[in-house]
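# Summary of structural features
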Amino acid sequence: MLERALAFASGDAWLYGIASLPDQAPGHDLGVLIVVGGPQYRAGSHRQFTLLARDLAAAGMPALRFDYRGMGDSDGQVGGFEHAGADLRAAIDRFQQEAPSVKRVVLWGLCDGATAAALYAPQDGRVAGLALLNPWVRTEQGAARAAVRHYYRARLFDPGLWKKIASGRFDWRAALSSLRRTLAAARGAPAQDGAAAAAAPAALPERMYAALTRFDGRILVLLSGADLTAQEFADLDSGPGPWRRLLEAPRVTRHRLDGADHTLSRREWQSQATQWTRAWLGKMQALSRS
């Protein structure tokens, strides 16, 4: 495996990244662009993006991880995940210059990096796949519902809670006030009138659904079992409807990391996600040859 530091322009900003490349020419045309979740830089929490890129390159898969504008070493003002399209396009351009074998790209993203990748993918024919770890689809109502279904239910079985109650250190008033606010948010805001509803922008889950529907490539979804961001995404297909039909389509592969946190802080969680990613990429390669 070889690693090279890269600099490339995106508009008026210079962006910086690290390409991890196999030491021999790969026998396929795939490469992986790692899209970080903010606020992070190209190494990732617990060096997870560094480890992923090096593992993929050692297995013969070129990979590039880079800093968005305004993050890490890159220039410019932070634009947020919904405005990352120009940076992603520039990174793919530079990736293909550095690794000429790469004709098709998989975008591998965490949290709002996964969402940025999904929103961008339909715009670029070079993107053949999306690997989405704990995608960010946050709405106030969705977050509240995930908390009610998963956090509060788990707290009832937490020995630490009952120890606090038994010792008299539990603040009932604050807890009840928080629960009331969460339940109110889970029920949702009062309905808007027709004109206001028509003028309001589509919520993030609706925009992400539209993007994933327009995208015709393969999708890998990895969800952590102990993460409310992942639970909010999982709740999208909790009943019959368009999200369930989308996520149960043959082109979508899903895995759950029971007990894992948002950034896969334990090495066994990171290794499992990497193994699933490599197996999924292998299937993509096999399909392209068949």
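Residues numbered from 1 in each chain as written. Predicted model: local features only at pLDDT ≥ 70, side-chain atom pairs only at ≥ 80, totals over all residues. Heavy atoms only, no water.

Our next topic: the nonpolar core. If you look at the biggest cluster of nonpolar residues, it comprises 48 residues, and the most contacted ones within it are Leu33, Phe66, Leu107, Leu130, Met208, Leu212 and Phe233. Among the elements that take part in this core, helix α3 (residues 112–120) stands out by supplying 6 residues, more than any other. Ala53, Ala131, Trp280 and Met284 belong to the second-largest nonpolar core, a separate cluster that totals 28 residues. (Core = buried A, V, L, I, M, F, W, Y, C linked by side-chain atoms within 4.5 Å. Buried < 20%, exposed > 50% of the residue type's maximum accessible area, 1.4 Å probe, protein only. Helix = DSSP H or I, 4+ residues; strand = E, 2+ residues; numbered from the N terminus.)

On to the sheet that holds strand β8 (residues 252–257). Sheet strands line up and pair through hydrogen bonds in the backbone, either parallel or antiparallel. The 8 strands are arranged β1-β2-β4-β3-β5-β6-β7-β8 in an open sheet whose pairing can be described as mixed. Two strands in the sheet have a free side with no partner beyond their single neighbour: β1 (2–10) and β8. Each neighbouring strand pair of the sheet contributes to a mean axis angle of 20°, computed without reference to strand direction. As paired strands, strand β3 (residues 30–35) and strand β4 (residues 63–66) are joined by 3 bridges and run parallel to one another. Among the inter-strand pairings, Val32 is bridged to a residue of β4, identified as Ala63. The strands touched by helix α11 (residues 267–289) are β3, β5 (104–110), β6 (127–133), β7 (218–224) and β8; relative to β7, the strand with the most contacts, the crossing angle is about 170°. (Pairing = 2+ DSSP bridges. Axes fitted to C-alpha atoms, helices over the stretch in contact; angles between N-to-C directions. Contact = heavy atoms within 4.5 Å.)

Every buried residue belonging to helix α8 (residues 204–214) is among Leu204, Pro205, Met208, Ala211 and Leu212, and all of these are buried. Taken down its axis, α8 places every buried residue within 125° of arc, on the same side. On the buried face of α8, the contacting elements are α3, β6, β7, α9 (228–234) and α10 (242–247). (Arc of directions from axis to C-beta.)

In this section: unusual backbone geometry. Its identity is not glycine, yet Arg47 carries a phi of approximately 60°, on the positive side. As for its placement among the helices and strands, Arg47 is situated in the loop between β3 and α1 (48–58). Residue classification places Arg47 among the partly exposed residues on the basis of a relative accessible area of 42%. The phi angle at Asn134 is positive, at roughly 50°, despite the residue not being glycine. By the secondary structure assignment, Asn134 is in the loop between β6 and α4 (140–155).

Looking now at the pattern of salt bridges. For the structure shown, the criterion picks out 17 salt bridges. The residue Arg69 makes a salt bridge to Asp12 at a minimum N-O spacing of 3.5 Å. Of the two residues, Arg69 sits in the loop between β4 and α2 (85–98) while Asp12 sits in the loop between β1 and β2 (13–21), which places them 57 residues apart along the sequence. Linking Arg89 and Asp124 is a salt bridge whose minimum nitrogen-to-oxygen distance equals 3.7 Å. Here Arg89 is found in helix α2, whereas its partner Asp124 is found in the loop between α3 and β6, with 35 residues between them in sequence. (Salt bridge = Lys/Arg side-chain N within 4 Å of Asp/Glu carboxyl O.)

Now for empty space enclosed by the protein. Per the counting criterion, the structure on display carries 1 cavity of 30 Å³ or more. Each pocket or cavity is described by its volume, and for the largest cavity that value is around 40 Å³. Residue lining of the largest cavity: Tyr68, Arg69, Val78, Gly79, Gly80, His83, Ala84 and Asp87, and that is the complete set. In terms of residue class, the lining of the largest cavity is built from 3 nonpolar, 3 polar and 2 charged. (1 Å grid on protein atoms, 1.4 Å probe; cavity = no way out; pocket = protein on both sides within 12 Å on 5 of 7 lines; lining within 4 Å. Points joined across faces, edges and corners; volume = space filled by probe spheres on them. Nonpolar A, V, L, I, M, F, W, Y, C, P; charged D, E, K, R; others polar.)

With that settled, consider the pairing of β5. Burial within β5 is extensive, with 6 of its 7 residues counted as buried. Where β3 and β5 come together, 6 bridges link them in parallel fashion. Its bridge partner lying in β5, Val32 is registered against Val106.

Moving on to the packing of α1 against α11. Where α1 contacts α11, the two axes come as close as 10 Å, and the packing angle between them is 40°. Classified by the interaxial angle, the pair formed by α1 and α11 is oblique. Crossing hand, α1 versus α11: right-handed. Seen from α1, the contacting residues are Gln48, Leu51, Leu52, Asp55 and Leu56; seen from α11, they are Arg267, Gln270, Thr274, Thr277, Arg278 and Leu281. Taken together, the residues of the contact of α1 with α11 break down into 4 nonpolar, 4 polar and 3 charged. (Parallel < 35°, antiparallel > 145°, perpendicular 65-115°, else oblique. Left-handed = near helix turned anticlockwise from the far one by under 90°.)

The next point concerns the packing of α2 against α3. Across the interface, α2 lies against α3 with an axial gap of 10 Å and an inter-helix angle of 80°. Comparing their axes, α3 and α2 come out roughly perpendicular. In this structure, α2 contributes Gly85, Leu88, Arg89 and Ile92 to the contact, and α3 contributes Ala116, Ala117 and Tyr120. Per-class residue counts for the contact of α2 with α3 are 5 nonpolar, 1 polar and 1 charged.

Before going further, it helps to spend a moment on α3. For α3, the buried fraction is high: 9 of the 9 residues fall into the buried class. Listing the buried residues of α3 in full gives Asp112, Gly113, Ala114, Thr115, Ala116, Ala117, Ala118, Leu119 and Tyr120. Residues of α3 that are buried in the fold lie against β3, α2, β5, β6 and α8.

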